[in-house]
Amino acid sequence: MSKKFLIVGSGFYGATCARELTDAGHSCLVIDKRTHIGGNCYTRYIEEADCHEHHYGAHIFHTNSEKIWKYINRFASFNHYVNRVKVSHKDKIYSFPINLFTLYQLFGVKTPEEAKACLAERKEPIENPKNMEEWCLANVGREIYETFIEGYSLKQWARHPRELPASIIKRVPIRLTFDDNYFNDRYQGIPIGGYTSIFEKMLDDIPVELNTDFHRDRETFLSKFDHVIFTGPIDSFFDYSVGHLEYRSLRFDHQLVNSSDYQGNAVINHTESQVPYTRTYEHKHFDMNFSATNSAVTYEYPDKWEPGKIEIYPVNTDENQSLFEKYQNMTKEVSNVTFGGRLGQYRYYDMHQVIASALEKVKSLA
Ligand code: FAD
């Protein structure tokens, strides 16, 4: 039987649900409180630089799943962009993620064997590392820690790695080959024409109301629809009744610069604590189109999150996890609402993961 669905949020979770439920014969209305579709994957065409600005941070589509790759290719063609990040630290540029070329730049080693021996020598003898700093010194040594981790983590989390749990870092991937592809996945690229056109295609025949906050009219929405798919923050749905889940936020400073190629790469990480931004992106490198004489560049600054700011990274502490569990228990009382996506499930999801999660969920809703 055909049902009426309200989908709150036009990011990948909401758009995938809307597409699949519509194709299964249901009627859907998508609302979003922002002025545009696409959630955090929204891109904006910058005419002067002839490229698409990743408005909420650099987004590279990557997946190992043939099914997801085929699915997303229904809505876009992808270029052959491969993410090869560079790190800027004290007037030097390093290859990243850490690979044999990075180790050559740091220590002069040229073969995997030399690199292995060099790393073993640099590890500090710390038994039972108690925090992120000790864990890094014990596992990768001081040079790597100071060049790539200390300043960056301090900026990203606004706390010194000595005050952060070792569990945040888990491992520092070090490749003993010259492979500098950031991702290990089989499929990777940037949609030609930007991400927004993917959402335009996904939502082509589906009504979308922008500038529409669910909370402003929640009782009407809840009464008018058979089922609601909510991709906003789970704690906002329950009016923060047991507290606010914490996030780390980012601030993006978008600039148009008078240069045909400003930094020679799409993404540069700035790992010194004295440099206030963490990353710079030059968007024409994502599009692989160098025709314009200007360039669109974004400076990414870590930002303290407070209500009203963009919720970016869930803060993975025991307190937040137990708060999230309380909210999850409360969802049992609202059986006609599905909570999905990165905010609805309070976890970091890549795009391919959020699409996969939505495709799985709609099987039980369609
Ligand atoms: P969102 O995209 O956040 O969409 C949720 C939508 O719900 C938003 O549009 C919001 O306005 C709307 N909403 C919320 N509350 C309400 C309300 N009350 N009423 C109406 N609307 C509401 N993934 C990758 O695969 N590769 C990458 O390189 C990558 N880079 C990233 C870089 C950054 C800086 C960030 C932050 C994320 C990155 N991601 C990347 C992850 C990617 O952004 C997410 O996987 C994706 O955006 C999740 O989609 P979503 O639909 O769950 O959430």
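Source: prediction; values computed, not measured.

## Brief notes about the site of the ligand
Now for step 1: With respect to spatial proximity, 33 residues lie near the ligand, and among them Asp32, His59, Arg342, Tyr349 and Met351 are the closest.
Now for step 2: The contact in question runs from an oxygen atom of the ligand to an N or O atom on the side chain of arginine 342, over 2.8 Å.
Now for step 3: For the ligand, an oxygen atom lies 2.7 Å from a polar atom in the backbone of methionine 351.
Now for step 4: Among the secondary structure elements, those contributing two or more residues to the shell around the ligand are α1 (12–23), α12 (341–344) and α13 (351–365).
Now for step 5: Considering only residue class, the shell around the ligand consists of 16 nonpolar, ten polar and seven charged.

## Quick notes on the side chain of glutamate 53
Now for step 1: Relative to the helices and strands, glutamate 53 resides in strand β4 (residues 51–54).
Now for step 2: For glutamate 53, a relative accessible area of 3% corresponds to the buried category.
Now for step 3: A polar atom in the side chain of glutamate 53 sits 2.7 Å from the side chain of histidine 55.
Now for step 4: For glutamate 53, the residues in contact, after removing those within four places along its chain, are Tyr42, Thr43, Arg44, Ile46, His254, His283 and Thr298.

## Remarks on the nonpolar core
Now for step 1: Residues Phe12, Leu21, Phe61, Tyr195, Ile198, Phe286 and Ile355 are the most contacted members of the largest nonpolar core, which totals 76 residues.
Now for step 2: When residues of this core are assigned to their parent elements, the largest contribution, seven residues, is made by α13.
Now for step 3: Grouped together as the second largest cluster of nonpolar side chains are 25 residues, Val8, Leu29, Leu245 and Met330 included.

## A look at the pairing of strand β3 (residues 43–46)
Within a regular strand, the side chains alternate between the two sheet faces.
Now for step 1: Note: β3 against β4, four bridges, orientation antiparallel. Counterpart to isoleucine 46 in the pairing with β4 is cysteine 51.
Now for step 2: Between the end of β3 and the start of β4, which pair antiparallel, lie four residues, with aspartate 50 showing a positive phi angle near 50 degrees.

## Focus on the sheet that holds strand β10 (residues 227–230)
Now for step 1: Ordered in space as β9-β2-β1-β10-β16, the five strands form an open sheet in which the pairing is parallel. At either margin of the open sheet sits one strand with a lone partner, and together these are β9 (208–209) and β16 (337–339).
Now for step 2: Those strands touched by α1 are β1 (4–8), β2 (27–31), β10 and β16, and its axis lies near 165 degrees from that of β1.

## Let's talk about unusual backbone geometry
It is generally the case that most residues other than glycine have a negative phi and that most peptide bonds are trans.
Now for step 1: That bond from phenylalanine 96 to proline 97 is cis: its omega, 0 degrees, falls within 30 degrees of zero.
Now for step 2: You can see proline 97 is positioned in the loop between β7 (92–95) and α3 (100–107).
Now for step 3: The backbone phi angle of asparagine 128 is positive, close to 50 degrees, even though this residue is not glycine.
Now for step 4: Looking at the secondary structure, you find asparagine 128 in the loop between α4 (112–122) and α5 (132–139).

## Topic: the sheet that holds strand β14 (residues 295–304)
Now for step 1: Across the sheet, which stays open at both edges, the seven strands sit in the order β7-β6-β12-β13-β14-β11-β15 with mixed pairing between neighbours. Two strands lie at the open edges of the sheet, namely β7 and β15 (313–314), each paired on one side alone.
Now for step 2: Of the pairings in the sheet, the one linking strand β12 (residues 267–270) to strand β13 (residues 279–282) comprises three bridges and is antiparallel in character. Bridge pairing in β13 places isoleucine 268 opposite threonine 280.

## Focus: the domain arrangement of the protein
Now for step 1: When the domains of the protein are assigned, the result is domain 1 (4–37 + 203–245 + 315–365), domain 2 (43–84 + 181–192 + 247–314) and domain 3 (98–171).
Now for step 2: The centre of domain 2, based on its C-alpha atoms, is set 26 Å off from the matching centre of domain 3.
Now for step 3: The partner domain 3 presents nine residues to the 13 residues of domain 2 that form the contact.
Now for step 4: Taking both partners together, domain 2 and domain 3 bury about 920 Å²; carbon and sulfur atoms supply 54% of that area.
Now for step 5: Here domain 2 is connected to domain 3 by zero salt bridges.
Now for step 6: Here domain 2 and domain 3 share eight residue pairs in polar contact (both at pLDDT 80 or more) between them.
Now for step 7: For the side of domain 2 that touches domain 3, the residue count by class is five nonpolar, five polar and three charged.

## Focus: α5
Now for step 1: The buried count for α5 comes to seven of eight residues, which makes it a mostly enclosed element.
Now for step 2: Listing the buried residues of α5 in full gives Met132, Glu133, Glu134, Trp135, Cys136, Leu137 and Ala138.
Now for step 3: On its buried face, α5 is in contact with α4 and α6 (142–157).
Now for step 4: Structurally, the start of α5 carries an N-cap: the backbone nitrogen of glutamate 133 is 3.1 Å from a side-chain oxygen of asparagine 131.
Now for step 5: Glycine 141 sits one or two positions beyond α5 and adopts a positive phi of about 90 degrees.

About the cut-offs
- Residues numbered from 1 in each chain as written.
- Predicted model: local features only at pLDDT ≥ 70, side-chain atom pairs only at ≥ 80, totals over all residues.
- Heavy atoms only, no water.
- Near = heavy atom within 4 Å.
- Polar contact = N/O pair within 3.5 Å; in protein donor to acceptor, adjacent residues only side chain to side chain.
- Helix = DSSP H or I, 4+ residues; strand = E, 2+ residues; numbered from the N terminus.
- Nonpolar A, V, L, I, M, F, W, Y, C, P; charged D, E, K, R; others polar.
- Buried < 20%, exposed > 50% of the residue type's maximum accessible area, 1.4 Å probe, protein only.
- Contact = heavy atoms within 4.5 Å.
- Core = buried A, V, L, I, M, F, W, Y, C linked by side-chain atoms within 4.5 Å.
- Pairing = 2+ DSSP bridges.
- Axes fitted to C-alpha atoms, helices over the stretch in contact; angles between N-to-C directions.
- Domains from an automatic or database assignment.
- Buried area = accessible area lost by both parts, 1.4 Å probe.
- Salt bridge = Lys/Arg side-chain N within 4 Å of Asp/Glu carboxyl O.

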